[in-house]
There are 2 protein chains.
Amino acid sequence: MSNPTPVSRTSESISREELTRLRMTLGRLGRVLRQQNDDGLSYALISLLFSIGRNQPTTAGELAAGEGVTPPSVTRSLNRLLELGLVKRERDPVDGRASRISLTAAGVAERSRLLRSREVWLSEHLDRLTREELDLLLVALPVLERLCDPELDITPGD
Amino acid sequence: MSNPTPVSRTSESISREELTRLRMTLGRLGRVLRQQNDDGLSYALISLLFSIGRNQPTTAGELAAGEGVTPPSVTRSLNRLLELGLVKRERDPVDGRASRISLTAAGVAERSRLLRSREVWLSEHLDRLTREELDLLLVALPVLERLCDPELDITPGD
DNA sequence: AGAATTATCTAACCATGTAAACTACCTTGG
DNA sequence: CCAAGGTAGTTTACATGGTTAGATAATTCT
């Protein structure tokens, strides 16, 4: 190796300082996003609701894998959504252990309502960026997605 | 098409779907980063340790503002770092209410150790990206930083 | 049938955010 | 100069949402 502070293979193009900034920024941004609370539902619940909406009917296990968390975590959140009448859980007719989870009508309504209000929040902050900055974000989006793709061995969850 | 689903001012260039993906991705990436635990210290403690290192000597209030959390949260984390002998707290000679917080020698050592090990973790995952993807990330980094800059009114913390 | 596996839930724990109330100190106006 | 009010920080009590370990029930395998 010929570089002054090589951190690893591809890191010829990324400095130690940039690495640190990346960590800190992504960590903090995540916290800000998870904590800003448009409405009644917390981030975890909203994320789960959307996940169900995208994959319904689905199972607790699939949701856990999709969210990148452990099943007990999903179970609890699911119970909350159940109590709120936003989702329904039915026994799988084929496999008696599993359950089929899907949105209720109220859940569908809540989903679109949230979609709108969440967008409002994010949009407001994206509004502070210039058009160029926004484009940079969009281009980087797939990379960010890849970075946190559970299929890429990142999560110890599975 | 010009813009089928405009969400707000600058959003001519960002679709509703991209907005959602951005939210979800940043939220999840944040969680992954905050939970991966190279070592003994949690994300919050590491972040605080670095913050102190950057600004020392500093005060609890400044740290809270900097971290974008409330003072009680800082107090507790600070106590942990105190117990671990990584930081020290001295009464401010001028203002008896405030305290001056700074790293101990052990704190400084821990800081550089962490810097290295954290980098290793992130680097490993960045290694899965191509050189081009990495460059996209780097270019987008300042934008992400701006997005979560507390000076930009995002945090309700102040 | 009996054993192993699988899907899920329960229970207990931990970390870390919050708001509200309290303490101690500083500052200032009568 | 001292009482009133503001400010820094802590304590307390609570909520959320992650974890692991262990229980339960249904399925699958031999």
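The coordinates are above.
These remarks concern the structure in this document. Just so we're clear, the structure is a prediction, and the values are computed from it rather than from any experiment. (Residues numbered from 1 in each chain as written. Chains lettered and ligands numbered in written order. Predicted model: local features only at pLDDT ≥ 70, side-chain atom pairs only at ≥ 80, totals over all residues. Heavy atoms only, no water.)

Moving on: helix H2 (residues 43-55) of chain B. Because each turn of an α-helix spans 3.6 residues, side chains separated by three or four positions in sequence point in the same direction. Taking 1.5 Å of rise per residue, 13 residues should cover 18 Å, and H2(B) covers 18 Å from first to last C-alpha, within 8% of that figure. Among the residues making up H2(B), those that are buried are B:Tyr43, B:Leu45, B:Ile46, B:Ser47, B:Leu48, B:Leu49, B:Phe50, B:Ser51 and B:Ile52. (Helix = DSSP H or I, 4+ residues; strand = E, 2+ residues; numbered from the N terminus. Expected span 1.5 Å × (residues − 1). Buried < 20%, exposed > 50% of the residue type's maximum accessible area, 1.4 Å probe, protein only.)

Next up on the list: the packing of helix H2 (residues 43-55) of chain A against helix H4 (residues 71-83) of chain A. Residues and elements named next belong to chain A. Where H2 contacts H4, the two axes come as close as 10 Å, and the packing angle between them is 85 degrees. The angle between H2 and H4 falls in the class roughly perpendicular. On H4, the residues that touch Leu 45, Leu 48, Leu 49 and Ile 52 of H2 are Val 74, Ser 77, Leu 78, Arg 80 and Leu 81. Its residues assigned to classes, the contact of H2 with H4 shows seven nonpolar, one polar and one charged. (Axes fitted to C-alpha atoms, helices over the stretch in contact; angles between N-to-C directions. Parallel < 35°, antiparallel > 145°, perpendicular 65-115°, else oblique. Contact = heavy atoms within 4.5 Å. Nonpolar A, V, L, I, M, F, W, Y, C, P; charged D, E, K, R; others polar.)

Let us look at the protein's contact with DNA strand D. Close contacts around DNA strand D come from 26 residues, with A:Ser42, A:Thr70, A:Arg76, B:Thr75 and B:Arg89 the closest. Those atoms of DNA strand D that come within 4 Å of the protein belong to sugar or phosphate at a rate of 69%. Separating a phosphate oxygen of DNA strand D from a side-chain N or O atom of A:Thr70 is a distance of 2.4 Å. For DNA strand D, a phosphate oxygen lies 2.8 Å from a polar atom in the backbone of A:Gly96. When contributions to the surface near DNA strand D are tallied by element, the ones reaching two or more residues are H2 and H4 of chain A together with helix H1 (16-35), helix H3 (60-67) and helix H4 (71-83) of chain B. Examining the composition of the surface near DNA strand D, we find that four residues originate from one element, H4(A), more than from any other. Looking at the surface near DNA strand D, its residues break down into nine nonpolar, nine polar and eight charged. (Near = heavy atom within 4 Å. Polar contact = N/O pair within 3.5 Å; in protein donor to acceptor, adjacent residues only side chain to side chain.)

Nothing here speaks to function; it is geometry throughout.
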